[in-house]
Amino acid sequence: MTLDMRMTRRLPATPDDVFDAYTDAEKQKIWFSILDEKPGIVEIEVDLRVGGQQTAVWGPDPDNLFRETQTFLEIDRPHRLVTDSTGMSPDGRTMTTRVEITFEAVDDGTLMTVVHSGFPEPEVRDFFVNEVWVGALDRIEAFLVRGTEPADA
C-alpha cells in the first residue's frame, strides 16, 4: 500500500508565473526564506529538463541542513510537473517519493494541485500535509504577492 496526499491552493498569478516561481532557482531562493524572521541557508540548483535535477539545501545553520534532490520525469510548462524526490534530514534519514503538480488557470489566478505519493508511514504523510506543503504554498503565495520587494514594503 502506498500512502498519498493531495492538496490544492488557489494562487494569485498566472500558471506561467506560478510554474516559474516553483521551478526557477533564483525565485526559489527568495520564497524559501520569505517568511523567516532570521535568514538561514538556502542553496538551490535547477536543471529544468526531463532527466535533469533540482538540488536544494536549506536550514537554519550548517549543522541542521535538509537536502532534497528531485529528478524531473515530466515537464509540461506551465501545466504539469512530475518528479522523483529524495530528501535527507539533518539526522541522515532519507526518503524517496513522487511529486505530481498541476497548474490550472482559474478566473483569479492558478489552482496548483500537489499529489505527493510514496510516504513510508501515515505520520510522515501527515507531517507533509500539515507542515511541509502548507508552508511551501504559503511561501510561494507570499512571493507571488510580494515578489522581490522587502517584507515591509
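Reading guide: rules and limits
- Residues numbered from 1 in each chain as written.
- Predicted model: local features only at pLDDT ≥ 70, side-chain atom pairs only at ≥ 80, totals over all residues.
- Heavy atoms only, no water.
- Pairing = 2+ DSSP bridges.
- Helix = DSSP H or I, 4+ residues; strand = E, 2+ residues; numbered from the N terminus.
- Axes fitted to C-alpha atoms, helices over the stretch in contact; angles between N-to-C directions.
- Contact = heavy atoms within 4.5 Å.
- Core = buried A, V, L, I, M, F, W, Y, C linked by side-chain atoms within 4.5 Å.
- Buried < 20%, exposed > 50% of the residue type's maximum accessible area, 1.4 Å probe, protein only.
- Phe/Tyr/Trp six-rings, centres within 6.5 Å; stacked < 30°, edge-to-face > 60°.
- Parallel < 35°, antiparallel > 145°, perpendicular 65-115°, else oblique.
- Left-handed = near helix turned anticlockwise from the far one by under 90°.
- Nonpolar A, V, L, I, M, F, W, Y, C, P; charged D, E, K, R; others polar.

Caption draft 1: Inspection of the sheet that holds strand 1 (residues 3-11) at higher detail. As summarised here, the arrangement of the 7 strands in space is 1-7-6-5-4-3-2, forming an open sheet in which the pairing is antiparallel. The sheet is open, and its two edges are formed by strand 1 and strand 2 (41-46), each paired on a single side. Pairs of neighbouring strands in the sheet enclose a mean axial angle of 20°, with direction left out of account. Sheet topology note: the strand 2/strand 3 (residues 53-59) ladder contains 6 bridges and is antiparallel. Bridged to V46 within strand 3 is Q54. Packing of helix 3 (residues 122-146) onto the sheet brings it into contact with strand 1, strand 6 (94-106) and strand 7 (109-119), and relative to strand 1 it is tilted by some 20°.

Caption draft 2: Spatial organisation of the nonpolar core. Counting 33 residues, the largest nonpolar core has Y22, W31, I101, M112, W133, I140 and L144 as its most contacted members. Residue contributions to this core peak at 9 residues, all from helix 3. When sequence neighbours within four positions are dropped, the list of residues in contact with L144 reads L11, A13, D17, V18 and A21.

Caption draft 3: Broad picture of the packing of aromatic side chains. Inspection of the entire model under this criterion finds 7 aromatic pairs. Ring plane angle 65° and centroid distance 5.2 Å describe the contact between F32 and W58, whose orientation is recorded as edge-to-face. Here the residue F32 occupies a position in helix 2 (residues 25-32), and W58 occupies one in strand 3, the gap between them amounting to 26 residues. A relative accessible area of 24% means that W58 is categorised as partly exposed. With a centroid separation of 5.8 Å and 20° between ring planes, the pair formed by W58 and F66 is classed as stacked. The partly exposed category is assigned to F66, whose relative accessible area is 34%. Taken together, W31, F32, W58 and F66 form an aromatic cluster joined through their ring pairs.

Caption draft 4: Focus on the environment of V42. Along the chain, V42 falls in strand 2. Residue class for V42 comes out partly exposed when judged on its relative accessible area of 23%. Sequence separation between V42 and D63 is 21 residues; the distance between their C-alpha atoms is 13 Å. Here V42 is in contact with K29, F32, S33, V57 and W58, once residues within four sequence places are set aside.

Caption draft 5: Seen up close, the packing of helix 1 (residues 15-23) against helix 3. It is at 11 Å that the axes of helix 1 and helix 3 come closest, and there the two elements cross at 120°. Comparing the axis directions of helix 1 and helix 3 gives the class oblique. For the pair helix 1 and helix 3, the crossing hand works out as right-handed. Listed contacts from helix 3 to D17, V18, A21 and Y22 of helix 1 are W133, I140, F143 and L144. A per-class count over the contact of helix 1 with helix 3 returns 7 nonpolar, no polar and 1 charged.

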